[in-house]
Amino acid sequence: MATLYSTHCRSFAYSPSSPSSSSSSSSNIACLQRVTFSQRFLAAKASLKSQSQSLQVPLNTQQQDGAVAAAVTPVENGTSHEQLKAELLCVRSPEESKGIAGFEKDENESTVSITVVGASGDLAKKKIFPALFALYYEDCLPKHFTIYGYARSKMTDAELRNMVSKTLTCRIDKRENCSEKMDQFLKRCFYHSGQYDSQENFAVLDKKLKEHEGGRTSNRLFYLSIPPNIFIDAVKCASLSASSGNGWTRVIVEKPFGRDSESSAALTRSLKQYLTEDQIFRIDHYLGKELVENLSVLRFSNLIFEPLWSRQYIRNVQLIFSEDFGTEGRGGYFDHYGIIRDIMQNHLLQILALFAMETPVSLDAEDIRNEKVKVLRSMRPLQLEDVVVGQYKSHTRGGVTYPAYVDDKTVPDGSLTPTFAAAALFIDNARWDGVPFLMKAGKALHNKRAEIRVQFRHVPGNLYNRNFGADLDRATNELVIRVQPDEAIYLKINNKVPGLGMKLDRSNLNLHYAARYSNEIPDAYERLLLDAIEGERRLFIRSDELDAAWSLFTPVLKELEEKKIIPEYYPYGSRGPVGAHYLAARYNVRWGDLGTDIDH
């Protein structure tokens, strides 16, 4: 199958839109055809010569244009002279073979059909379609592709295109031909209305996809942008009525993957009735963020970090997620899950596993996921005393009154669902024994951020302790990886302030992405969609990884709900519950995001 991807997307690919790449592709296909021609030609020649000296056929076995000489393959004894002669005479040159079904078009070309199931929803409009357009704009999609929206809403192709066009944007650093590219992309977008549990509706979709695929090898990707309670119906219908007959079929499943260990396992069992594990791509968009992707590069390709990456030098690790807005009308969905399930059990735990894993055997997806699973299985189940939960309440600031969580009309009265949680987790292995990994996630806080903070141990016998006074934490080195917004990596070091006196200052060695790199950072969905198309599973969650993650959080989640633990209330726009500080102090830790240092 010909490779269909752009060189600047992945190093092994070529861009079908560039002239040089097209010519390279054509010569590659021609070379392949010449090798095939030579193999068949030489095999027939050898067999003819061995079976009969009377049949004289002029043969020219000289290799041309770099064709590789092939080993002679014996022809079965039962093959007649007439068949062998026909074999020789029917072989055509590559030029003569163009247009013959099954020789070039069917064997050497493929197409990808991407179906967004739930195309009328917010996720599809705001993230999936814009990500697909960005990939198209960067020449990262295959040469032959079709995008279908599928949902229950009645809509025409033109109406879908109009809806999608309102959310498409071009790269800031690449504005040329933007409207032209949009028009070309939208012409590849179509819509089919149907029920999620109707095999007949999916069969009609299958027929439409085949019309666009035009007899090529068909590869199909289904993105389930729908509520989890209808996942299985959609997967069943897509699998039975709209799977590819001669290529691959893959399904991207959005979180939540259940509410606990039992429901997650049931979901996995149901999916595997219709799909194999290799067909299931469980997406966690945080794993596609640039700084998370860079985490293993930072650690494994820089000698200064890997020797320090252990309990000997690291005092604690903090994973912090905060939003400066509340549920804003999404309370009905959120109330069913809460902040622990929504953020901590997936986004933050996945980042923790990547951060703490041992060096994998290779960058192969399975090797990396194996190491992540080892980390998760080495962790202690979370205890209730190591968890603090909170819920935001109404607050007036600057003459503006911000609503409480329970003021959201979609939230049940008296709800105890946490909108904030902090937790202390531990990995019981040789590398991380005794190091607290502190997680904190919340809504309606004072700012929006996601970051990893690595606080190193105090310098033993530090000669300059007296310059810091009693607060030794001021002298602690800290590595900060800011995932969003305004991506950056910086290391806090102690430094002498210029002058005649001995005054110490805490300074940052800073890699600020916006200042260092002119290119716009791709959205996480772009990277993950491209990986799914290419079959790269490294940033997707495997079923045993999911099981290990749920086993850590399920016991404490059940205890919180069964005991009806009342969350600590905190004002909208504050730094969260005071209990989070007590939790950190219990392990001799100070939250790094509360300091007054320069954090940029």
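See above for the structure.
As a starting point, this report considers the structure included with it.

Calculation notes
Residues numbered from 1 in each chain as written. Predicted model: local features only at pLDDT ≥ 70, side-chain atom pairs only at ≥ 80, totals over all residues. Heavy atoms only, no water. Helix = DSSP H or I, 4+ residues; strand = E, 2+ residues; numbered from the N terminus. Expected span 1.5 Å × (residues − 1). Buried < 20%, exposed > 50% of the residue type's maximum accessible area, 1.4 Å probe, protein only. Arc of directions from axis to C-beta. Pairing = 2+ DSSP bridges. Contact = heavy atoms within 4.5 Å. Axes fitted to C-alpha atoms, helices over the stretch in contact; angles between N-to-C directions.

**Some words on helix α8 (residues 199-213)**
And step 1. Under the 1.5 Å per step criterion, the end-to-end length of α8 is 20 Å for 15 residues, consistent within 8% with the ideal 21 Å.
And step 2. What α8 keeps buried is the set F202, L205, D206, L209 and E213. Looking straight down α8, one finds its buried side chains confined to an arc of 105°; they lie on one side. Exposed residues on α8 whose side chains face more than 90 degrees from its buried face are E200, K207 and E211.
And step 3. The positive-phi residue at the C-terminal boundary of α8 is G214, with phi of around 60°.

**Description of the pairing of strand β14 (residues 478-484)**
And step 1. In terms of burial, β14 is largely enclosed, as 7 of its 7 residues are buried.
And step 2. The pairing of strand β13 (residues 449-456) with β14 spans 6 bridges and is classified as antiparallel. Bridge pairing links A450 to Q484 in β14.
And step 3. Inspection of the sheet shows β14 paired to strand β15 (residues 488-496) by 5 bridges, in the antiparallel sense. From the neighbouring strand, I481 faces β15, where its bridge partner is I489.
And step 4. Hairpin connection from β14 to β15: 3 residues lie between these consecutive antiparallel strands, with D486 at a positive phi of about 55°.

**Looking at the sheet that holds strand β6 (residues 280-283)**
And step 1. Spatial strand order, β3-β2-β1-β4-β5-β6-β17: 7 strands in an open sheet with mixed pairing. Edge positions in the sheet fall to β3 (189-193) and β17 (540-541), since each of these pairs with one other strand and no more.
And step 2. By the bridge criterion, 2 bridges tie β6 to β17 in an arrangement that is antiparallel. In the sheet register, R282 faces β17, and the bridge partner there is I541.
And step 3. Strands β1 (110-117), β2 (145-151), β4 (217-224) and β5 (249-254) of the sheet are contacted by helix α5 (residues 122-137), whose axis makes an angle of about 160° with β1.

**With respect to unusual backbone geometry**
And step 1. Between K255 and P256 the backbone carries a cis peptide bond, its omega angle lying at 10°.
And step 2. Tracing the backbone shows P256 in the loop between β5 and α10 (261-271).
And step 3. Looking along the chain, the bond that leaves Q484 and enters P485 is cis, with omega of -15°.
And step 4. Within the secondary structure, P485 is located in the loop between β14 and β15.
And step 5. The backbone of N588 sits at a positive phi, close to 60°, despite the residue not being glycine.
And step 6. Summarising the element assignment, N588 is placed in the segment after α19 (579-586).
And step 7. Under the relative-accessibility criterion, N588 is labelled exposed at 56%.

Geometric descriptors of this kind do not, in isolation, establish any biological role.
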